[in-house]
Amino acid sequence: MAAEGGGKEMNEIKTQFTTREGLYKLLSHSEYSRPNRVPFNSQGSNPVRVSFVNVNDQSGNGDRLCFNVGRELYFYIYKGVRKAADLSKPIDKRIYKGTQPTCHDFNHLTATAESVSLLVGFSAGQVQLIDPIKKETSKLFNEERLIDKSRVTCVKWVPGSESLFLVAHSSGNMYLYNVEHTCGTTAPHYQLLKQGESFAVHTCKSKSTRNPLLKWTVGEGALNEFAFSPDGKFLACVSQDGFLRVFNFDSVELHGTMKSYFGGLLCVCWSPDGKYIVTGGEDDLVTVWSFVDCRVIARGHGHKSWVSVVAFDPYTTSVEESDPMEFSGSDEDFQDLHFGRDRANSTQSRLSKRNSTDSRPVSVTYRFGSVGQDTQLCLWDLTEDILFPHQPLSRARTHTNVMNATSPPAGSGGTNPGSNGNSITTPGNSVPPPLPRSNSLPHSAVSNAGSKSSVMDGAIASGVSKFATLSLHDRKERHHEKDHKRNHSMGHISSKSSDKLNLVTKTKTDPAKTLGTPLCPRMEDVPLLEPLICKKIAHERLTVLIFLEDCIVTACQEGFICTWARPGKVGLLSSQNQANSPSGTVV
């Protein structure tokens, strides 16, 4: 990295940065690490991870922090932006022999000031359940490694459950456990429960109930991370084979898939409302995927190396903080609205309240961030022109400049002309482009300038009406029970392009065949986001990004966990620094 960019300026580590909201500042007194503060020699060790839990104690300082560094695991009171970190007094510290902790997760449902349930996954495949407050180790799962011998890549409690948890391994398998059950003394025997495109789910065959309750085999290669949707009903998995796969967790149905531009996908997260999924991986890109539409709607390019973590910022995502819509009486209606003109207009009015001091037009909808092996933090805004490209087009005739940026060429899905009942419309997208932008687009499609605009108008009209009906249909649909929602989702996929699911099996060994399909659009076929900020903030690769209410938490492989105060959250400290540096510049 040192050679890149040429000058010292490029390689300087930033301690603050400015966005639309104001100045974010690194709090050096709130840095957490091993008590000796010595940088950890990270060669060959597992990524540093951080988990938070709030134990709701009476003192008002209920945040607790767990992180792993090499063979060690630490548990501290997290004082955030309020007070300096006291590293001399970890609540609990553990050093492991023969295996290293790789990931961990607190049960937020059961956490109290006297007791917390922390799951820890290990490089040799075991999972430990510990209580760092009581300093107890209550259980060890997969102790004899009879269930899986490979590294644990991700462990999470099932949302809303006090006893169920899910564990992913680098073998490509996931297992559902219950803390109340034993793992048995022999290797489990499995019975097929459900099989689908590139996945299979087995139940454990035994006389008495034992762990694992379920075994999921997903894709090819390591299963790198999974994330539950905010409502807990869906599960997004990313694998080394480059696929995002989204499942209905209870019914074990495949909802949709997406393929990376190239290489494995390493990380995944959901938007706070569950409408979008963002992934990052070995193609150095962040990819935004619509859960409702089952298609890629944008990619972001800012990192110079693999993207290791993606996360939405629910506190800056305006949808979360806004008033209900003018026409909708219930919060549920607001949460589940996807498209339609009202959405764009009301977002405009809602946001103008919050950002009236801004000089530029307000159109921000979602904020997310990413960190990578290039030691950079990127922040991204997912705005209305990306999320709802059809609305302005129906009113204004600025086809060329707007649509070049927002819509894919007709060549991207031209193999399936009749999928929407409109021969021009491409599967997964409603608007063909005005001009050829790459070799993949057939020139004949736009060579006739005279007929072009009428073709365009027809396609735009059909696109807008299609999405308008989709929004109403979908909103109605979501008021019903889970089964209805599932059937609607599955129907949505198959009607959109029936061969989409088959593509996974046919082409999983040949990435070239997925490029240019809805699974993996070409770069020029989807909007390319640029980061709001892209700052080098560490010496070693970054492995953690967590958005809290008053700060952002990052961590690097050297074992330093950093706290970045949000604008206005540091009191005097922030105002002094703002007085010293001109606004909008980063020192």
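As the structure is a computational prediction, the values presented were derived from the model and not from experiment.

Turning our eyes to something else, we now look at the overall build of the chain. Along the chain, the regular secondary structure elements total 12 helices and 32 strands. For the chain, buried positions account for 57% of its 587 residues. Working note: accessible area of the chain is about 24100 Å², and carbon and sulfur atoms make up 50% of it.

A few words on the sheet that holds strand β20 (residues 253–259). Taken in spatial order, the four strands of this open sheet run β17-β18-β19-β20, and their pairing is antiparallel. Edge positions in the open sheet fall to β17 (223–228) and β20, since each of these has one partner strand only. The sheet shows a mean angle of 20° between the axes of neighbouring strands, direction not considered. Relative to β20, strand β19 (residues 243–248) is paired through six bridges, and the arrangement is antiparallel. Looking at the pairing, L244 lines up with M258 of β20.

Looking now at the confidence of the model for the chain. When the pLDDT values of the chain are averaged, the result is 76; 66% of them are 70 or greater. In the predicted structure, residues 320–363 sits below a pLDDT of 50 and forms 84 contacts with residues beyond four places in sequence or in another chain. Under a pLDDT of 50 for its full length, residues 391–509 has, in the predicted model, 186 contacts with residues more than four places off or in other chains.

Within a sheet, each strand pairs with its neighbour through backbone hydrogen bonds, oriented either parallel or antiparallel. Pairing is mixed in the open sheet, where five strands are placed in the order β21-β22-β23-β24-β28. Pairing within the sheet leaves two strands with one partner each, and these edge strands are β21 (265–270) and β28 (528–529).

Moving on, we come to the pattern of salt bridges. Overall, the coordinates contain 12 salt bridges when judged by the stated rule. Residues R367 and E21 are paired through a salt bridge, measuring 2.8 Å at the closest nitrogen-oxygen approach. A residue pair is termed long-range when its members are at least 10 positions apart, and R367 in strand β26 (residues 364–372) and E21 in the loop between β1 (16–19) and β2 (22–26) qualify at 346 residues. Notably, a salt bridge pairs D293 with R295, separated by 3.2 Å at the nearest N-O pair. Classification of R295 by relative accessible area gives buried; the value is 11%. The network of salt bridges with shared partners includes R20, E21, R367 and D381.

Once that is clear, we can look at the nonpolar core. Grouped together as the largest cluster of nonpolar side chains are 24 residues, with contacts concentrated most on Y32, V50, L65 and F67. Of all elements in the fold, only β3 (50–54), β4 (63–69), β5 (72–77), β30 (542–547), β31 (551–556) and β32 (561–565) reach the threshold of two or more residues within this core. Sequence-distant contacts of Y32, that is, excluding residues within four places in its chain, are made with L65, F67, Y76, I77, Y78, K79, G80, A85, L87, G559, F560 and I561.

This part takes up the side chain of H255. Tracing the backbone shows H255 in strand β20. A polar side-chain atom of H255 sits 2.8 Å from the main-chain carbonyl oxygen of F291.

Assignment of secondary structure puts E558 in the loop between β31 and β32. If near-sequence neighbours (up to four positions away) are discounted, E558 is found in contact with V38, P39, F40, H539 and E540.

Bringing unusual backbone geometry into the picture now. Note the cis peptide between N211 and P212, where omega equals -5°. Phi angles above zero are rare outside glycine, and R37 is one such case at about 60°. On the accessibility criterion, R37 (38% relative accessible area) is partly exposed. Unusually for a residue other than glycine, K135 sits at a positive phi of about 55°. Tracing the sequence through the fold places K135 in the loop between β9 (127–131) and β10 (136–141).

Let's shift gears to the packing of aromatic side chains. For the structure on display, the rule yields 26 aromatic pairs. Pairing F67 with Y76 gives two aromatic rings, centres 5.9 Å apart and planes at 10°, and the pair type is stacked. Overall, F67 belongs to the buried group, its relative accessible area being 0%. Exposure remark for Y76: the relative accessible area of 1% places this residue in the buried category. Look at F141 and F165: their rings are 5.1 Å apart centre to centre, the planes differ by 70°, and that puts the pair in the edge-to-face class. Residue F141 is found in strand β10, and its partner F165 is found in strand β12 (residues 164–169); the two are separated by 24 residues along the sequence. Positioned above the aromatic ring of F226, the side-chain terminus of K156 is 5.4 Å from the ring centre.

What counts and what doesn't
Residues numbered from 1 in each chain as written. Predicted model: local features only at pLDDT ≥ 70, side-chain atom pairs only at ≥ 80, totals over all residues. Heavy atoms only, no water. Helix = DSSP H or I, 4+ residues; strand = E, 2+ residues; numbered from the N terminus. Buried < 20%, exposed > 50% of the residue type's maximum accessible area, 1.4 Å probe, protein only. Areas by Shrake-Rupley, 256 points an atom, 1.4 Å probe, with all protein chains shown as cover. Pairing = 2+ DSSP bridges. Axes fitted to C-alpha atoms, helices over the stretch in contact; angles between N-to-C directions. pLDDT = per-residue confidence, 0-100. Contact = heavy atoms within 4.5 Å. Salt bridge = Lys/Arg side-chain N within 4 Å of Asp/Glu carboxyl O. Core = buried A, V, L, I, M, F, W, Y, C linked by side-chain atoms within 4.5 Å. Polar contact = N/O pair within 3.5 Å; in protein donor to acceptor, adjacent residues only side chain to side chain. Phe/Tyr/Trp six-rings, centres within 6.5 Å; stacked < 30°, edge-to-face > 60°. Lys NZ or Arg CZ within 6 Å of the ring centre and 35° of its normal.

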